[in-house]
Amino acid sequence: MTEFETIVIGKSSIPSLIITAVLMITIPVIFFICWRRKYKQRTNISYLIAGAIGFIVSARVLELVRLNDAKTGNGSQKT
């Protein structure tokens, strides 16, 4: 079995996933547009894209580290 075959998403969590996805896209875009209007500079949109990709990659790495710790039992044990 692969990792994706064991994922189960409840019907009640789908709306929150959609809201989160919409907010993750719209908030940075609105911030970018407001920044351009306030400072009247030609800001390169590649900075926005690079920041978004960096955030997604770092969040995924942290999730994988936490998942790996949970599988091996190293994450939540008190000593």
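Nothing here was measured: the structure is a model prediction, and the numbers come from that model.

### Quick look at the environment of Pro-28
Relative to the helices and strands, Pro-28 is located in helix H1 (residues 14–39). In this structure, the C-alpha to C-alpha distance between Pro-28 and Ile-49, residues 21 residues apart in sequence, is 9.7 Å. Beyond its immediate stretch of four places on either side in the chain, Pro-28 contacts Leu-23 and Leu-48.

### Concerning the packing of aromatic side chains
The relation between two aromatic rings is expressed through the spacing of the ring centres and the mutual angle of the planes. Throughout the structure, instances matching the rule amount to two aromatic pairs. Centroid distance Trp-35 to Tyr-39: 4.5 Å. Interplanar angle 50°. Geometry classified as tilted. Of this pair, Trp-35 and Tyr-39 both sit in helix H1, four residues apart, roughly one helical turn. The partly exposed category is assigned to Trp-35, whose relative accessible area is 35%. Each member of the aromatic cluster is reached from another via a ring pair, and the members are Phe-31, Trp-35 and Tyr-39.

### Some remarks on the layout of surface pockets
In this structure, the largest pocket encloses a volume near 240 Å³. Around the largest pocket, the lining residues are Met-24, Ile-25, Pro-28, Val-29, Tyr-47, Leu-48, Ile-49, Gly-51, Ala-52, Phe-55 and Ile-56. Listed by contribution, the elements that provide at least two residues to the lining of the largest pocket are H1 and helix H2 (45–72). Among the elements that make up the lining of the largest pocket, the one with the highest residue count is H2 (seven residues). Residue classes in the lining of the largest pocket are distributed as 10 nonpolar, one polar and no charged.

What counts and what doesn't
Residues numbered from 1 in each chain as written. Predicted model: local features only at pLDDT ≥ 70, side-chain atom pairs only at ≥ 80, totals over all residues. Heavy atoms only, no water. Helix = DSSP H or I, 4+ residues; strand = E, 2+ residues; numbered from the N terminus. Contact = heavy atoms within 4.5 Å. Phe/Tyr/Trp six-rings, centres within 6.5 Å; stacked < 30°, edge-to-face > 60°. Buried < 20%, exposed > 50% of the residue type's maximum accessible area, 1.4 Å probe, protein only. 1 Å grid on protein atoms, 1.4 Å probe; cavity = no way out; pocket = protein on both sides within 12 Å on 5 of 7 lines; lining within 4 Å. Points joined across faces, edges and corners; volume = space filled by probe spheres on them. Nonpolar A, V, L, I, M, F, W, Y, C, P; charged D, E, K, R; others polar.

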